[in-house]
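This is what each chain is made of:
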Amino acid sequence: MADGDAQERADELEALAAIFCDDFRLVGEDTFELSLTMADGHELVLHCALPPSYPSEASPVYELRAEWLHPADEAALAAGLESLSMEGKGEVQVFKWTEWLRDDAPSLLSYSSPPSAAQAPLEDADAAAAAVAALELEEEECGSDAVLAVLSDHGALEAVGVSPVQEQHADLHGAVRLSGPVSPALVQKWEEAIQHGEPFTDRKSTFQAHLASVESLQDVESMVRVLKSNNKIARATHNIMAYRLKSENGNLLSDCDDDGESAAGGRLLHLLDIISATNVCVVVSRWYGGIQLGPDRFKHINNVARQLLAQHGHAGGESGASAKGKGGKKGK
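Residues numbered from 1 in each chain as written. Predicted model: local features only at pLDDT ≥ 70, side-chain atom pairs only at ≥ 80, totals over all residues. Heavy atoms only, no water.

What the protein contains, in helices and strands, is 11 helices and 13 strands. Restricting the contact set of the protein to residue pairs at least 6 apart, pairs at least 24 apart contribute 64%. (Helix = DSSP H or I, 4+ residues; strand = E, 2+ residues; numbered from the N terminus. Contact = heavy atoms within 4.5 Å.)

The next point concerns the pattern of salt bridges. For the structure on display, the rule yields 14 salt bridges. Arg-286 is the partner of Glu-29 in a salt bridge, and the nearest nitrogen-oxygen pair spans 3.7 Å. Here Glu-29, found in the loop between β1 (24-28) and β2 (31-37), pairs with Arg-286, found in strand β12 (residues 280-287); they are 257 residues apart in sequence, far enough to count as distant. For the pair Glu-29 and Arg-286, one class covers both residues: buried. For Glu-91, the salt bridge goes to Lys-96, with nearest N and O atoms at 3.4 Å. Judged by relative accessible area, Lys-96 falls into the partly exposed class, the value being 47%. Linked by salt bridges that have partners in common, Arg-25, Glu-33, Glu-63 and Arg-65 make up one network. (Salt bridge = Lys/Arg side-chain N within 4 Å of Asp/Glu carboxyl O. Buried < 20%, exposed > 50% of the residue type's maximum accessible area, 1.4 Å probe, protein only.)

A word on the nonpolar core. Grouped together as the largest cluster of nonpolar side chains are 26 residues, with contacts concentrated most on Phe-32, Leu-34, Tyr-62, Leu-64, Leu-77, Val-94 and Leu-101. Taken together, the elements giving at least two residues each to this core come down to α1 (2-20), β2, β3 (43-49), β4 (61-65), α2 (71-87) and α3 (94-104). No other element matches the four residues that α3 contributes to this core. Not counting residues within four places of it along the chain, the set of residues in contact with Leu-34 comprises Leu-16, Phe-20, Asp-23, Phe-24, Leu-44, Val-45, Leu-46, Val-94 and Thr-98. One finds Ala-209, Ala-264, Val-282 and Leu-309 within the second-largest nonpolar core, a separate group that totals 21 residues. (Core = buried A, V, L, I, M, F, W, Y, C linked by side-chain atoms within 4.5 Å.)

What follows deals with the packing of α1 against α3. At a minimum axis distance of 10 Å, the contact between α1 and α3 shows a crossing angle of 35°. Between α1, through Glu-12, Leu-16, Ile-19 and Phe-20, and α3, the contact on the second element is made entirely by Val-94, Phe-95, Thr-98 and Arg-102. The residue inventory of the contact of α1 with α3, partitioned by class, reads five nonpolar, one polar and two charged. (Axes fitted to C-alpha atoms, helices over the stretch in contact; angles between N-to-C directions. Nonpolar A, V, L, I, M, F, W, Y, C, P; charged D, E, K, R; others polar.)

Evaluation of the coordinates by the stated rule reveals three aromatic pairs. Over the face of the ring belonging to Trp-287 we find Lys-232, whose NZ or CZ atom lies 5.4 Å from the ring centre. Arg-267 extends its terminal NZ or CZ atom over the ring of Phe-298, reaching a point 4.0 Å from the ring centre. (Phe/Tyr/Trp six-rings, centres within 6.5 Å; stacked < 30°, edge-to-face > 60°. Lys NZ or Arg CZ within 6 Å of the ring centre and 35° of its normal.)

Right, let's get into the environment of Glu-74. On the secondary structure map, Glu-74 appears in helix α2. The class of Glu-74 is partly exposed, set by a relative accessible area of 24%. Considered as a pair, Glu-74 and Glu-63 are 11 residues apart in the sequence and their alpha carbons are 9.8 Å apart.

The next point concerns the environment of Asp-104. Mapped onto the fold, Asp-104 is located in helix α3. Separated by 65 residues in the primary sequence, Asp-104 and Ala-39 have C-alpha atoms spaced 8.0 Å apart.

Let us look at helix α10 (residues 264-274). Those residues of α10 lying buried are Ala-264, Gly-265, Leu-268, Leu-269, Leu-271 and Leu-272. Looking straight down α10, one finds its buried side chains confined to an arc of 150°; they lie on one side. Immediately downstream of α10, the backbone of Ser-276 shows phi near 55°, a positive value. (Arc of directions from axis to C-beta.)

Dropping the structure here:
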């Protein structure tokens, strides 16, 4: 179905460009933004990426952007798009989404303003700290939805400055939205561990590698989430990821994520394999510049990753622990 999916995606993008004209903007390969004026006059931006298996299996990955968008309203819109996604599985869906957002969604929205700092229900600093401490425990045991509930119950999101993470939930059978919090303590931990390579630019596309030593799948997940809590990195067109690590029982664990850049994750993982890198997770961010690079993009992705891996000793089976303390850019 790959060839059929690719053609359907191309046809849908062409149709959307013709229908929406200046309100449609292509920001990457199979990634675009649509500016919508809803029936009640509110403005909304739909940022959307079409996965390689869309529309036959997957649904679009999306983010809704608007200054007025309150969490309750966002949840209502997400539920509506999820329903449309399930109904339209196997078919192109974006135009139906835009019609629903424009015509039907306004009746579901309250347009409530978020509470100001003075109105925040959490006044006790100790309670705020307790809520943040509960964050990582709840996340590990119950998942990100439970985390949101904990923070909401404590009123801690505003009070402690928990920053949003643009994280893809991996259910490809329904619409995928970007959401989820990350605690300041977790940010501090990983900002000290994550190394950032020098950006490389070719024909207005910029590539930058990031890596960290990891010892578990939980490390991989939290490292990537913290990395994407950086606004600049979250806005990248693609954040291609691969990791390779040894478990406590000696088994080799590895996986990758294309993040919409078809086949790039597998190539990045192959790089880790051929240099025998272990206990490391590497992410390459690409900011698309509007000019297609063809196969050169894969070369650039692997080159910036290879340089950073070599700089920090992640080769020849080294865990990267010996590289700590060596030069490199930390933080963002």
